[in-house]
Amino acid sequence: MSKKHSIEGKILDTAYKLFLKNGYRQTTMDEISLELGMSKKTLYKYYPGKLELLESSFDVLKTKMTAKIEAILDNKYISFPLKLQSALTVVANYLAPINPDLFEDLREYAPEVWEDLCTYINNSAYLRFHKLIQQGMDQGLVNPRLNINLIVMLYASAVQSLLDPKFISQFPKTFQEGMKLSPSEIYDQAVSVIYNGILTEEARNEFVEG
């Protein structure tokens, strides 16, 4: 790795952590440069502004998620239920730490980044989870009466809805407070409901045991 790429990686890692902690709107280039121990002038040589840092941070996130999920899908030595569980865990591990405030900021102040993330979720769901569900169906581990495209759409819709503060905010406050679940728990339970519903009894037993 070149020195330039190494510095860029450090900048993006630092910026992303601050975005997670403070949100996009509340994070400033001054804070990022201070955290890096780098002058703002030097920081601007690598990234022209905060929006570019945000875009690049999420590009790195998407690249890492894609690489890990594809490695799971291409692994011939693990069973379908374990592949399913592993793939869901990867997505949860990357998306759950992103707090609702940051997603709200994306919608309001960086709509293109928000749209790109939603598009990625949809495309990734179709390209990768469609492939995964097809593997399970070919092995007789997914209920053959179910429509694969519907399964994929339900998954993508669930992920997007859980990430979208505006979706959650439409429910009564008592309902929202009654959930009392962390983002990772909400995600985990939602996908468990969907996928436990599509597995055959044999696969479901292995999924639970795994």
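Computed from a predicted structure; not experimentally measured.

A. Structural detail: the overall build of the protein. Secondary structure assignment for the protein yields 12 helices and zero strands. The helix and strand sequence of the protein, counted from the amino end, reads α-α-α-α-α-α-α-α-α-α-α-α. By principal-axis analysis of the C-alpha atoms, the protein measures approximately 60 × 50 × 25 Å. Evaluated residue by residue, the protein yields a buried proportion of 44% over its 210 residues.

B. Looking closely at the UniProt feature "DNA-binding region" (unreviewed entry) in the protein. As annotated in UniProt, the feature "DNA-binding region" (unreviewed entry) corresponds to residues 28-47 in the numbering used here. The distance separating the terminal C-alpha atoms of residues 28-47 is 13 Å; by composition the span is 75% helix and 0% strand.

C. Representation of a nonpolar patch on the surface in the model. On the surface, a cluster of nonpolar side chains totalling about 400 Å² of accessible area is made up of Phe167, Phe171, Phe175, Met179 and Leu181. Locating leucine 181 in the fold gives a position in the loop between α10 (173-179) and α11 (183-198).

D. Seen up close, the packing of aromatic side chains. One pass over the structure, following the stated rule, counts four aromatic pairs. An angle of 50° between the planes, with centres 5.7 Å apart, marks the rings of phenylalanine 19 and tyrosine 24 as tilted. With respect to class, phenylalanine 19 is no different from tyrosine 24; both count as buried. Above the face of the tyrosine 24 ring, lysine 50 is positioned so that its terminal group lies 4.4 Å from the ring centre.

E. Structural detail: the environment of arginine 25. One can find arginine 25 in the loop between α1 (3-22) and α2 (29-36). By relative accessible area, which is 46% here, arginine 25 ends up partly exposed. Spatially, the C-alpha atoms of arginine 25 and asparagine 196 are 38 Å apart, while their sequence positions differ by 171 residues. Once you skip the residues sitting within four places of it in the chain, arginine 25 turns out to touch Lys50, Asp105 and Tyr109.

F. Representation of the packing of α1 against helix α4 (residues 50-73) in the model. In the contact formed by α1 and α4, the axes pass within 9 Å of each other and the chain directions differ by 100°. Our classification of the angle between α1 and α4 gives roughly perpendicular. Taking contact as the criterion, the partners of Ile11, Leu12, Ala15, Tyr16 and Phe19 in α1 are, on α4, Lys50, Leu53, Leu54, Ser56, Ser57, Phe58, Val60 and Leu61. When grouped by side-chain class, the residues that make up the contact of α1 with α4 number 10 nonpolar, two polar and one charged.

Cut-offs used in this document
- Starting afresh in each chain, residues are numbered from 1 along the sequence in its written order.
- In view of the model being predicted, local features appear only for residues whose pLDDT reaches at least 70, and side-chain atom pairs are presented and counted only at 80 or more, with totals across whole chains, interfaces and linings using the full set of residues.
- Computation of side-chain values: all heavy atoms of the structure, hydrogens and water removed.
- Comment: elements are numbered from the N terminus, with helices defined as DSSP H or I runs of at least four residues and strands as E runs of at least two.
- Think of it in three bands: residues with accessible area under 20% of the maximum for their type are buried, residues over 50% are exposed, and the middle band is partly exposed, with areas taken using a 1.4 Å probe on protein chains only.
- UniProt positions are given in the numbering used here, feature names are shortened, and annotations may be inferred rather than shown by experiment.
- Patch construction takes residues with relative accessible area above 30% that form no salt bridge. Like charges are linked within 9 Å, and nonpolar side chains (Val, Leu, Ile, Met, Phe, Trp, Tyr) are linked within 5 Å.
- Methods summary: accessible areas were calculated by the Shrake-Rupley approach with a probe of 1.4 Å, and residue burial reflects only the protein chains presented.
- The term salt bridge refers to a pairing of a side-chain nitrogen on Lys or Arg with a carboxyl oxygen on Asp or Glu at a separation within 4 Å.
- Note on ring pairs: Phe, Tyr and Trp rings are taken, using the six-membered ring of Trp, and paired if centres are within 6.5 Å. Classes follow the plane angle, with under 30 degrees stacked, over 60 edge-to-face and the rest tilted.
- Counted as over-ring charges are cases with an Arg CZ or a Lys NZ within 6 Å of the ring centre that also lie within 35 degrees of the ring normal.
- Whether two residues are in contact is decided by their heavy atoms: any pair within 4.5 Å suffices.
- Here an axis means a line fitted to C-alpha atoms, over the contact stretch when the element is a helix, while the angle between two N-to-C directions is reported on a 0 to 180 degree scale.
- What sets the label is the angle itself: under 35 degrees gives roughly parallel, over 145 gives roughly antiparallel, 65 to 115 gives roughly perpendicular, and the rest give oblique.
- Residue type decides the class: Asp, Glu, Lys and Arg count as charged, Ala, Val, Leu, Ile, Met, Phe, Trp, Tyr, Cys and Pro as nonpolar, and the leftover types, Gly among them, as polar.

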